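Tertiary structure, described
Residue strings, one per chain:
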Amino acid sequence: MTLKINPKNHIDRRTLLKGLSAVTAATIALPHAARAQNAKTIKIGVISPMTGPLSLFGDTDDYTTSKIMDLVKDGITVNGETYNIEILLRDAQSNPNKAAELAGDLILNDNVSLMLPASTTDINNPTADQCELYGVPCISSNSPWQAFVMPRGGAENPFTWTYHFFWGLEDVLGTFTGMWKSIDTNGKVGMLFPRNADGETWGNDEYGLPPAVREAGFEAIAPSMFEPRTNDFSAQISEFKANDCEIVGGITYVADLKTFITQCNQQNYKPKVVTVAAALLFPSGIEAMGELGEGMSSEVWWTPAFPYTSSLTGQTSREIADAWEEETGKQWTQPLGYAHALWEVILDTLKRSSDPQDREANREALAATDLETLVGNISFGDGPHPNVCKTPIFGGQWVEGEDYPFDLKIVDNSLYPDVLEPEADMKPLDWS
């Protein structure tokens, strides 16, 4: 493979990619000297939110892609024939319209054989829609399966080209309530949802969190959705206070949650529990809230404590996390495990394909996946939807850290007790 981001290849690749917000694309491969002579080339499209408000989800994609580049620098062998791998990495800038545009370009102009939208509903869905339209096999993750299926009209019908592995809203609800039940509260939950694709899915009154929260025995109070990047949560806080909500649940991103928590403190609204998806996944998100971050809780979909190993490298989850921390100087983050697992599925698919340059052959191989990965077994057909595979989820709480300001500890394993043991007991928030 060859690095084609810029003709001046002496520029540090990571530094260059971080500045891609004004650039539409980057193509990653290794120098010509490393290519297998006369080998065919397989092109793989990768679309990631490397910049913009969703960039924390894409933070590990460049790093992981570079690892895969090293792994396949001499190509891969399929049916006795060697193929070079060319990875076309694109920055969607956290914009769904941009993701759709880039996907169309990769399909029609670059002729990719496989597509990998890295994470989040705003990137996965528009990319997957383009893949369905033009007939390109696609594997995605890092958004609840309902967010992948329901908005795209797949509730009753399977997709032809697009596959997804992650947990579902029913699982995150089971995890949330598992944590909530361990704390003495009045059972009243204030629901916090943004007015975007994720908020519409998570806040849906038919299959989202509010009806499931009520069915679990809690009282759900769901005020109007907030506009992303708002600077005023007074309406939501006022309604939570009026209904004496001792729990806050829902989904937000980091900047919005920081504003919300700061205003809760200012307006003397101090719930016992704040369990929010997305924003509380990342160390930097917690650190942004300062002392108010301690005790916040969230879903956990990958951790160094996972008992799984990579089918590509044989590394354990702990070894993958340790390598990230040593090489980047940053604390491990949940998308790291899934960024790696996506490539496990991609390369396994190609190696089993009857013709890895043929989209139909790759689709058939992808559909037949049965692979042990860094996030567990990935196989399709037995999940809640023909194109979906569910993966483990746990409840976690941020506590004072040892090597970093905060550590994420598993406090609920009710859905997957055989996978991990709790690392700590859930505690109520201390607003003092």
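Values in this document were obtained by computation on a predicted structure and should not be read as measured data.

Definitions and cut-offs
Residues numbered from 1 in each chain as written. Predicted model: local features only at pLDDT ≥ 70, side-chain atom pairs only at ≥ 80, totals over all residues. Heavy atoms only, no water. Helix = DSSP H or I, 4+ residues; strand = E, 2+ residues; numbered from the N terminus. Contact = heavy atoms within 4.5 Å. Core = buried A, V, L, I, M, F, W, Y, C linked by side-chain atoms within 4.5 Å. Buried < 20%, exposed > 50% of the residue type's maximum accessible area, 1.4 Å probe, protein only. Axes fitted to C-alpha atoms, helices over the stretch in contact; angles between N-to-C directions. Left-handed = near helix turned anticlockwise from the far one by under 90°. Patch = residues over 30% accessible without salt bridge, like charges linked within 9 Å, V, L, I, M, F, W, Y side chains within 5 Å. Areas by Shrake-Rupley, 256 points an atom, 1.4 Å probe, with all protein chains shown as cover. Salt bridge = Lys/Arg side-chain N within 4 Å of Asp/Glu carboxyl O. Lys, Arg positive; Asp, Glu negative; His and termini not counted. Charge placed at Lys NZ, Arg CZ, Asp CG, Glu CD. Polar contact = N/O pair within 3.5 Å; in protein donor to acceptor, adjacent residues only side chain to side chain. Parallel < 35°, antiparallel > 145°, perpendicular 65-115°, else oblique. Nonpolar A, V, L, I, M, F, W, Y, C, P; charged D, E, K, R; others polar.

What about the side chain of Arg363?
Following the sequence through the fold, Arg363 ends up in helix α14 (residues 359-367). Ignoring sequence-local partners within four residues, the contact set of Arg363 consists of Pro137, Thr160, Trp161 and Tyr163.

Quick look at the nonpolar core
Within the largest apolar cluster, 106 residues are counted, with the highest numbers of intra-cluster contacts made by Phe165, Phe260 and Trp302. Per-element tally for this core: the top contributor is helix α13 (residues 335-352), with nine residues. With sequence-adjacent residues up to four places away left out, Phe260 is seen in contact with Leu192, Phe233, Ile237, Phe240 and Val248. Counting residues in hydrophobic clusters, the runner-up holds 20 residues, among them Ala99, Ala103, Met115 and Phe159.

What to know about the environment of Gly290
Its location among the elements puts Gly290 in the loop between α11 (283-288) and β12 (297-300). Look at Gly290 and you get partly exposed, because its relative accessible area is 29%. Counting along the chain gives 115 residues from Gly290 to Pro405, while the straight-line C-alpha distance between them is 9.2 Å.

Quick look at the packing of helix α3 (residues 96-108) against helix α4 (residues 121-134)
Put simply, α3 and α4 touch, their axes get as near as 8 Å, and they point 35 degrees apart. Crossing hand, α3 versus α4: right-handed. On α4, the residues touching Pro96, Ala99, Ala100, Ala103, Gly104, Ile107 and Leu108 of α3 are Asp122, Ile123, Pro126, Thr127, Gln130, Cys131 and Tyr134.

Some remarks on a negative patch on the surface
On the surface, Glu291, Glu294, Glu400 and Asp430 cluster together into a patch of negative charge. Relative to the assigned elements, Glu294 resides in the loop between α11 and β12.

Re the pattern of salt bridges
Taken as a whole, this structure holds 13 salt bridges when the rule is applied. As a salt-bridge pair, Asp59 and Lys330 come within 2.9 Å of each other at their nearest N and O atoms. Of this pair, Asp59 sits in the loop between β2 (40-48) and α2 (61-71) while Lys330 sits in the loop between α12 (317-328) and α13; the two residues are 271 residues apart in sequence, bridging distant segments of the chain. Judged by its relative accessible area of 16%, Asp59 is buried. Salt-bridge contacts for Arg352 lead to Asp348; the nearest nitrogen and oxygen are separated by 2.8 Å. Separated by four residues within a single helix, Arg352 and Asp348 lie in helix α13, roughly one turn from each other. A relative accessible area of 18% means that Asp348 is categorised as buried. It is possible to trace a salt-bridge network through shared partners that takes in Glu170, Asp171 and Lys390.

Here's the deal with the side chain of Gln334
In this fold, Gln334 is placed in the loop between α12 and α13. For Gln334, a relative accessible area of 0% puts it in the buried group. For Gln334, the side chain forms a polar contact with the main-chain nitrogen of Trp301, separated by 2.6 Å. Ignoring any residue separated from it by four or fewer positions in sequence, one finds Gln334 in contact with Leu281, Glu299, Val300, Trp301, Trp302 and Leu408.

Here's the deal with unusual backbone geometry
Of note in this structure, Gln93 is not a glycine but carries a positive phi near 55 degrees. Inspection of the secondary structure assignment puts Gln93 in the loop between β4 (81-91) and α3. According to the relative accessible area criterion, Gln93 is partly exposed, its value standing at 27%. Its identity is not glycine, yet Asn268 carries a phi of approximately 60 degrees, on the positive side. With respect to the element layout, Asn268 can be found in the loop between α10 (254-266) and β11 (273-278). In this structure Asn268 comes out as exposed when scored by relative accessible area, which is 55%.

As for the packing of α2 against α13
Look at α2 against α13: their axes get within 9 Å of each other, and the N-to-C directions meet at 40 degrees. With respect to each other, α2 and α13 are oriented oblique. As α2 runs across α13, the sense of the crossing is right-handed. Mapping the contact onto sequence places Asp61, Tyr63, Thr64, Thr65 and Ile68 in α2 and Leu336, Ala339, His340, Trp343 and Leu347 in α13. For the contact of α2 with α13, the class distribution of residues is six nonpolar, three polar and one charged.

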